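One-letter residues, chain by chain:
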Amino acid sequence: MDQWWDPEDARDWLDRLESRPLARLMAEAEALTLSGHGTVVTYSRKVFIPLTRLCRDVCHYCTFAQRPSQLPAPYLDLDEVLAIARAGEQAGCREALFTLGDRPEDRYRVAREWLDARGFASTLDYVAAAAAMVLRETGLLPHLNPGLMDAADYAALRPLSASMGLMLESTAERLCAKGFAHHGSPDKAPRARLESIRLAGEARVPFTTGLLIGIGETRAERIEALLAIRDLHARYGHVQEVIIQNFRAKPDTLMGQYGDLPLDEHLWTIAAARLILGPQMTIQAPPNLRAGELAGLVRAGVNDWGGVSPVTPDHVNPEAPWPHLVKLETETEGAGRHLRQRLAIGPAFARAVETWADPALQTCIRRAVDARGLLREIDWHPGTGAVAPDLLPSLVTGRDPQISVALGLAEQGEELTGRQVARLFTAEGRDFDAVCRLADELRQDRVGDAVTHVVNRNINYTNICLYRCGFCAFSKGSTRSERGPAYNIDHAEITRRVVEARERGASEVCLQGGIHPGFDGHTYRGIVAAVKAAVPDMHVHAFSPLEVHHGATTLGLSYEDYLAGLKQAGLATLPGTAAEILSDDIRRQICPDKIMTDDWLAVMRAAHKVGLKSTATIMFGHVETYDHWAVHLLHIRRLQQETGGFTEFVPLPFVHMEAPNWRKGQTRSGPTWRETVLMHAVARIALDGAIANIQASWVKLGPDGAATMLQSGANDLGGILMDESITRAAGGVNGQLFGVAEMRALAGRIGRPLVERTTTYRLKVEPVHDLENVS
């Protein structure tokens, strides 16, 4: 079978692996695992649905397959399937694992008759009906293990399942000979199984495969099987996990007298798999087959426990019950790892769901996961008014070496690379605590303990917009009638609001709006002039880079010349909105007709050059990854090092509830709580020495959420606003006004003073304005 792997490569690997002591192999494998997956070990909470226990194969170690006379019926009927699925859903499961024998209708007439009587052409046809029902009636995602399949089978089942699987088991053809484990089992022929795995790659099916070891194969044959899997994955990228399953002898089978696989042999093979398959591959070992020995499996390279059910037994290994989830978590933490739940589709594949899942499944997958592709385990979303979670200090001692190195460099004042910044966003447990602690220490060192704010008023002068940003629920065309009709307020109303803001103590007005088709560069200058005529000393903080771009291009002016004219008219600073994510691949997805990254940076560079300071923002938690967050932060840092023009950095978590692209199923449901805290903390660390001020958006986070950010690197609460339209339009419920008394109380709860500032962070020494009752 040398077409599936290179025999010389296999010999080289075997020589290298057998020349090293097991302890060294495991140390190397663990280092690779930590490099690829950090301190997280995943699992899927599932129900096991044994659709049929009839099988045309007669594997000599199997107790799953039964004869018709041993079963009440050839197949579970659909009502039985649904009852199992609903019990799992009630227990918090997210996966429905369909496991069944291979093509029993080819061997048993009773199976053929059962299918015919119900109008099913084959067992696979019935699998499709059962999976479709589970998808339709529950929130579970099917994972299908129906045996050998061809291209047509994959095409039929892909829309009905998040993932599929087929254990390679072994590439040793001799195991199919008389007297060996697979004799009499046509579906266990290695060539057929490898071809089925290959076809799954062509069909872009996230695929689980693996080895069953201890059934008579040699170490060399295990290496050959791992190389075959490696090479298929290198070609198609579809292998989401590789299981290294240890053989357990079962009474009343032809291999009942075989001994169980020794632990050291299992550890050796896991380590070999990690070293051959690399740091990014998910290596799985079933935890119920090594009860009490999980720490060793982790040391050898395991980063996933596979499916674990709180409802159904392991029908393949009924003698080995699943560990209770609390016990599994305890043992995982004892190994220095954090147990985290995933979906049936692996995290890397969930991150690229548009490639790896049928369109019918993409929405439910996106809405269920964080930016890592792991399940959202805490029910918190920005803008909803949900109580900020209370994260207890971690008891897990394991640390991610890459995070430790990055934090050490940052503490010494070194600039972090994009890769290091992205790694910080993966922090869990004590790493998470360390990131937040360093961020808070840097905050104290750079700006002290004062919690700052500005007394300002937001004026969104029009919601009519030429652009169709997928995330924007503010612009004209929204479906929510309570947002009101399209509007475009005139200068008289703008100045009325400005005068009223001054009477209420405001030092700043922030003016932004949609890109109205009737606006040109004169419009924005006219707005500034109207404000300055009404209240000459009012600080005008206005116009996103998109508005500046529109104004400049409509007049045929350079950014610099146009901004110089706005400054002359009275513009003082710019809001750094419209940044979203400064990566064009993401912008093409969420705002394809908007200015791209280089344009945004060019407007800001020009503003800073003519003496206009600005803020900088990021809008995160929709379709982007941690790598994109890192790229964004480095863009901001580099421009700040060039110009020194940014006054603050403002993380804006995506408020999803009414966002059009979320309603269409195109985005995640905003960042998780962990991600939101880390964004503020990592921004402080990554921008240290460049931008002194990190703002927490009370509009997005609520007061309790903002308080946590102020202890994780942030130092500013932004403005009291008086009016807020954009987050409200997206479904946010945290209000339009956060009065000074409330801000003072918030700061007091964390033992910090509240200090009023100007837009450019000059601290005011006079008494702050008591605006808690302003409406």
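Bear in mind the structure is a predicted one, so any value in this text is a computation, not a measurement.

**Student:** Explain the overall build of the chain to me, please; I cannot follow it from the model alone.
**Tutor:** Assigned secondary structure in the chain consists of 29 helices and 18 strands. Taking the principal axes of its C-alpha atoms as reference, the chain extends roughly 95 × 60 × 45 Å. Counting only residues that meet the buried cut, the chain has 62% of its 775 residues in that class. Looking at the chain alone, contacts between residues at least 24 apart form 77% of all its contacts between residues at least 6 apart. The averaged location of the 95 negative side-chain charges in the chain is 2 Å from the averaged location of its 83 positive side-chain charges.

**Student:** Help me understand the packing of aromatic side chains in this model?
**Tutor:** Two aromatic rings, taken as a pair, are described by how far apart their centres are and by the angle between their planes. Applying the stated criterion to the full structure yields 17 aromatic pairs. Here Tyr154 and Phe207 contribute two aromatic rings whose centre-to-centre distance is 6.3 Å and whose plane-to-plane angle is 75 degrees, an arrangement assigned as edge-to-face. Taken together, the residues span a long stretch of sequence, with Tyr154 in helix H6 (residues 151–157) and Phe207 in strand S5 (residues 207–213) at a distance of 53 residues. Residue Tyr154 is classed as buried on the basis of its relative accessible area, which comes to 0%. Judged by its relative accessible area of 0%, Phe207 falls in the buried class. A ring pair is formed by Phe349 and Trp356, whose centres lie 5.0 Å apart and whose planes are at 75 degrees; its orientation type is edge-to-face. Grouping aromatic residues by their ring pairs yields a cluster made of Tyr75, Trp114, Phe120 and Tyr126. Sitting over the face of the ring of Trp268, Arg219 holds its NZ or CZ atom 4.0 Å from the ring centroid. The aromatic ring of Tyr761 is capped on one face by Arg757, whose charged end is 4.0 Å from the ring centroid.

**Student:** Please clarify how the environment of Phe649 should be interpreted in this entry.
**Tutor:** Within the secondary structure layout, Phe649 lies in strand S16 (residues 646–653). Setting aside its immediate chain neighbours within four residues, Phe649 contacts Ala616, Thr617, Ile618, His632, Leu633, Ile636, Ala683, Leu687, Ile691, Asn693, Ile694 and Gln695.

**Student:** Is there a simple way to explain the confidence of the model for the chain in this structure?
**Tutor:** Any segment with low pLDDT has predicted coordinates that should not be analysed in fine detail. When pLDDT is averaged along the chain, the result is 94, and 95% of the positions lie at 70 or above. Ignoring residues within four places in sequence, the model shows residues 477–483, a span with pLDDT below 50, making seven contacts including any to other chains.

**Student:** Hey, could you run me through the sheet that holds strand S18 (residues 754–756) in this one?
**Tutor:** Within a beta sheet, neighbouring strands are joined by backbone hydrogen bonds and run either parallel or antiparallel to one another. The three strands are arranged S17-S10-S18 in an open sheet whose pairing can be described as parallel. Both outer strands of the open sheet, strand S17 (716–719) and S18, are each paired with one neighbouring strand and no more. The sheet shows a mean angle of 20 degrees between the axes of neighbouring strands, direction not considered. Bridge analysis of strand S10 (residues 451–454) against S17 gives two bridges, and the strand direction is parallel. If you follow Thr452 over to S17, its bridge partner there is Asp716. Packed onto the sheet, helix H27 (residues 698–710) meets S10 and S17 and runs at close to 155 degrees relative to S17.

**Student:** What's the story with helix H1 (residues 7–18) in this structure? I'm lost.
**Tutor:** In an α-helix there are 3.6 residues to a turn, and that puts residues three or four apart on one side. Between its terminal C-alpha atoms H1 stretches 16 Å, which fits the 16 Å expected from twelve residues at 1.5 Å a residue. Those residues of H1 lying buried are Asp9, Ala10, Trp13, Leu14 and Leu17. Viewed end-on, H1 has its buried residues packed into an arc of 135 degrees, placing them on one side of the element. Among the exposed residues of H1, those oriented more than 90 degrees off its buried face are Arg11 and Asp15. Buried residues along H1 sit against helix H2 (22–37), helix H8 (219–236) and helix H9 (263–277). Between the side-chain oxygen of the N-cap and the backbone nitrogen of Glu8 there are 3.0 Å, and the N-cap of H1 in question is Asp6.

**Student:** Looking at this model, I keep getting lost on the packing of H8 against H9. Mind explaining?
**Tutor:** Packed helices, taken two at a time, are described by their axes: the angle between them and the distance between them. Packing of H8 against H9 leaves a shortest axis separation of 10 Å and a crossing angle of 30 degrees. In this structure, the crossing between H8 and H9 has a hand that is right-handed. Every residue of H9 that contacts H8 at Arg219, Arg222, Ile223, Leu226, Leu227, Ile229 and Arg230 is listed here: Glu265, Trp268, Thr269, Ala272, Ala273, Ile276 and Leu277. Looking at the contact of H8 with H9 residue by residue, the class counts come to nine nonpolar, one polar and four charged.

**Student:** What's the story with the environment of Arg419 in this structure? I'm lost.
**Tutor:** With respect to the helices, strands and loops of the structure, Arg419 is situated in helix H16 (residues 418–424). Distance from Arg419 to Ala406, taken between C-alpha atoms, is 9.7 Å for residues 13 residues apart in sequence.

**Student:** It is not clear to me how the pattern of salt bridges should be interpreted in this structure. Could you clarify?
**Tutor:** As a working rule, side chains carrying opposite charge can pair if their charged atoms are close by. Applying the stated criterion across every chain yields a total of 52 salt bridges. A salt bridge links Glu331 to Lys327; its shortest N-O distance comes to 3.0 Å. Placement of both Glu331 and Lys327 in helix H11 (residues 325–334) is noted, with a separation of four residues, approximately one turn of the helix. Here Glu331 falls in the buried class, since its relative accessible area comes to 18%. With its nearest N and O atoms 3.5 Å apart, the salt bridge here joins Arg637 to Glu415.

**Student:** I tried to follow helix H20 (residues 545–555) on my own but got confused; where do I start?
**Tutor:** In terms of residue burial, H20 counts as a mostly covered element, since eight of its eleven residues are buried. Within H20 the residues assigned to the buried category are Pro545, Leu546, Glu547, Val548, His549, His550, Gly551 and Ala552. Among the structural elements, strand S12 (508–512), helix H19 (521–534), helix H21 (559–569), strand S14 (571–574) and helix H23 (597–609) are those in contact with the buried residues of H20. Once H20 finishes, Gly556 follows within two positions and takes phi at roughly 70 degrees, a positive value.

The rules behind the values
- Residues numbered from 1 in each chain as written.
- Predicted model: local features only at pLDDT ≥ 70, side-chain atom pairs only at ≥ 80, totals over all residues.
- Heavy atoms only, no water.
- Helix = DSSP H or I, 4+ residues; strand = E, 2+ residues; numbered from the N terminus.
- Buried < 20%, exposed > 50% of the residue type's maximum accessible area, 1.4 Å probe, protein only.
- Contact = heavy atoms within 4.5 Å.
- Lys, Arg positive; Asp, Glu negative; His and termini not counted.
- Charge placed at Lys NZ, Arg CZ, Asp CG, Glu CD.
- Phe/Tyr/Trp six-rings, centres within 6.5 Å; stacked < 30°, edge-to-face > 60°.
- Lys NZ or Arg CZ within 6 Å of the ring centre and 35° of its normal.
- pLDDT = per-residue confidence, 0-100.
- Pairing = 2+ DSSP bridges.
- Axes fitted to C-alpha atoms, helices over the stretch in contact; angles between N-to-C directions.
- Expected span 1.5 Å × (residues − 1).
- Arc of directions from axis to C-beta.
- Polar contact = N/O pair within 3.5 Å; in protein donor to acceptor, adjacent residues only side chain to side chain.
- Left-handed = near helix turned anticlockwise from the far one by under 90°.
- Nonpolar A, V, L, I, M, F, W, Y, C, P; charged D, E, K, R; others polar.
- Salt bridge = Lys/Arg side-chain N within 4 Å of Asp/Glu carboxyl O.

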